[in-house]
Amino acid sequence: MLEQSNSEISNSIGKKVCTCLIFGLELSALLLTLGNGGNIPWLPPILVFSLVGISLLISLLFPFLWQYLERKQKIDSVKAYGSFYSSIRYCIAFNIVSFGWKKFYGLQFIVPTAISNMSMNQQTGEWLTWFYFGHSPAFGIIIALMQIIGGYLLLYRRTLLIGAIILFSLLLNLTLINIFYQMNAGALTQSVLLTIGVLFLILLDYKKLVDFFLKTKSNLPSLNVNNFFLKSVVRLSVIVLSLLYTIYLKSLMK
């Protein structure tokens, strides 16, 4: 699939813009992670945000330079695309794996005692979320392992799609948590950018996913009924009957 994408990238300014923009976003996310919220003395916020601005600006301008150099036959588009593609994978993997290691070393899911001693209705959604996830160290380790293993799988062509699917489900869940539980802007930005990056990697192989999930026939046994209408009624009953059961339970609480 990558070879196909490489060949199709030629003479397509849209794909060049998309690839460079994704690279700029993922590099920016990595720079923000390395900055650690301004807690590193030799990497002050002004430097981090300056580098982020430069990377985004270059990612917006480079596609047009790329297109020009290609027409002048001064750049190999296949190699250029491969370099960007590999760099995107590396940025995403480094970023996600670093979040995994932070959980191992107690740098995440930690709530100050003064906050944890407060009643629940006095705490923000962010502290409630961190307290909840931090309540079970084992669960935090499982998430960390998924991040580390999933990120590492991105670095190999054969396992990239598996790693991307694992990470996409995890990152999408984290993004929704960050949105609806009012997490800080930094956490939300990271989850959104990483989700976009992983989705980009998945979409490059979307034909494989369509063939696997929608076109490949399953050999598993199925309901031995030839009547399509009856099969549809049975399937729909899962939604309807479970809804009616829930409504009945709700009525018992009145």
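Throughout this description, residue numbers start from 1 for each chain and increase along the sequence as written. The model is predicted, so local features are restricted to residues of pLDDT at least 70 and side-chain atom pairs to those at 80 or more, both for listing and for counting; the totals for chains, interfaces and linings are taken over all residues. Note: side-chain values were computed over all heavy atoms of the structure, leaving out hydrogens and water.

Talk me through the nonpolar core; I want residue IDs and the actual numbers.
For soluble globular proteins, the rule of thumb is that nonpolar side chains tend to be buried together. Among the buried residues, those of types Ala, Val, Leu, Ile, Met, Phe, Trp, Tyr and Cys that are joined through side-chain atoms within 4.5 Å form a nonpolar core. Residue exposure (1.4 Å probe, protein chains only): buried if accessible area is under 20% of the type maximum, exposed if over 50%, otherwise partly exposed. Core analysis: the biggest nonpolar cluster contains 28 residues, and I88, I92, I96, L154, V198 and L201 have the highest contact counts within it. Working definition: helices are DSSP H or I runs of at least four residues, strands are E runs of at least two. Numbering for both runs from the N terminus. When residues of this core are traced back to their parent elements, those giving at least two are α2 (13-35), α4 (77-104), α8 (160-180) and α9 (185-203). If you tally residues by element for this core, the top one is α4, at 10 residues.

Provide a residue-level description of α9, including the pertinent values.
By this rule, a helix spans an expected 1.5 Å times one less than how many residues it contains. The terminal C-alpha atoms of α9, which comprises 19 residues, lie 27 Å apart, in line with the 27 Å expected from a rise of 1.5 Å per residue. Burial in α9 covers these residues: Q190, S191, L193, L194, T195, G197, V198, F200, L201 and I202. It only takes one pair of heavy atoms within 4.5 Å for two residues to be counted as in contact. Structurally, α9 contributes buried residues whose contacts are with α2, α4, α8 and α10 (206-215). The N-terminus of α9 is capped by N184, whose side-chain oxygen sits 3.0 Å from the backbone nitrogen of G186. N or O atoms within 3.5 Å of each other form a polar contact, as long as, within protein, one can give a hydrogen and the other can take it, and as long as residues adjacent in sequence are counted only when both atoms are side-chain atoms.

Just give me the short version of a nonpolar patch on the surface, but keep the residues and values in it.
A cluster of nonpolar side chains, I165, L199, L203, Y206, V210, F212, F213 and L214, forms an exposed patch at the surface whose accessible area comes to about 810 Å². Considering every element that reaches the nonpolar patch, the biggest residue donor is α10, with 5 residues. Among the residues examined, F212 registers a relative accessible area of 57% and is labelled exposed. Distance thresholds for patches are 9 Å for like charges and 5 Å for nonpolar side chains (Val, Leu, Ile, Met, Phe, Trp, Tyr), applied to residues having over 30% relative accessible area and no salt bridge. Per-residue and other accessible areas were derived by the Shrake-Rupley procedure at a 1.4 Å probe size, with only the shown protein chains allowed to occlude residues. The salt bridge criterion pairs a side-chain nitrogen of Lys or Arg with a carboxyl oxygen of Asp or Glu, the two atoms within 4 Å.

Can you explain the packing of helix α3 (residues 45-71) against α4? Please cite residues and give values.
Between N-to-C directions, angles span 0 to 180 degrees; the directions come from axes that are lines fitted to C-alpha atoms, helices contributing only their stretch in contact. Between α3 and α4, whose axes approach to 11 Å, the crossing angle comes to 155 degrees. Overall, the two elements α3 and α4 adopt an arrangement that is roughly antiparallel. For the pair α3 and α4, the contacting residues are F62, W66 and E70 in the first and S77, A80, Y81 and F84 in the second. Tallied by class, the residues present in the contact of α3 with α4 amount to 5 nonpolar, 1 polar and 1 charged. Each angle is binned into one of four classes, with values under 35 degrees roughly parallel, values over 145 roughly antiparallel, values of 65 to 115 roughly perpendicular, and all other values oblique. Residues are grouped as follows: nonpolar covers Ala, Val, Leu, Ile, Met, Phe, Trp, Tyr, Cys and Pro; charged covers Asp, Glu, Lys and Arg; every other residue, Gly included, is treated as polar.

Explain unusual backbone geometry to me, and be specific about the residues and the numbers.
We note that F109 has phi near 65 degrees; this positive angle belongs to a residue other than glycine. By the secondary structure assignment, F109 is in the loop between α4 and α5 (113-116). Phi is positive for Q182, which is not a glycine, with a value near 55 degrees. If you trace the backbone, Q182 turns up in the loop between α8 and α9.

Go over the confidence of the model for the protein with me, naming the residues and quoting the values.
Confidence of the predictor at the level of single residues is captured by pLDDT, which takes values from 0 to 100. The pLDDT averaged across the protein works out to 90; a share of 94% of its residues lies at or above 70. For residues 1-7, every residue scores under 50 in pLDDT, and the model assigns this stretch 13 contacts once sequence neighbours within four places are set aside.

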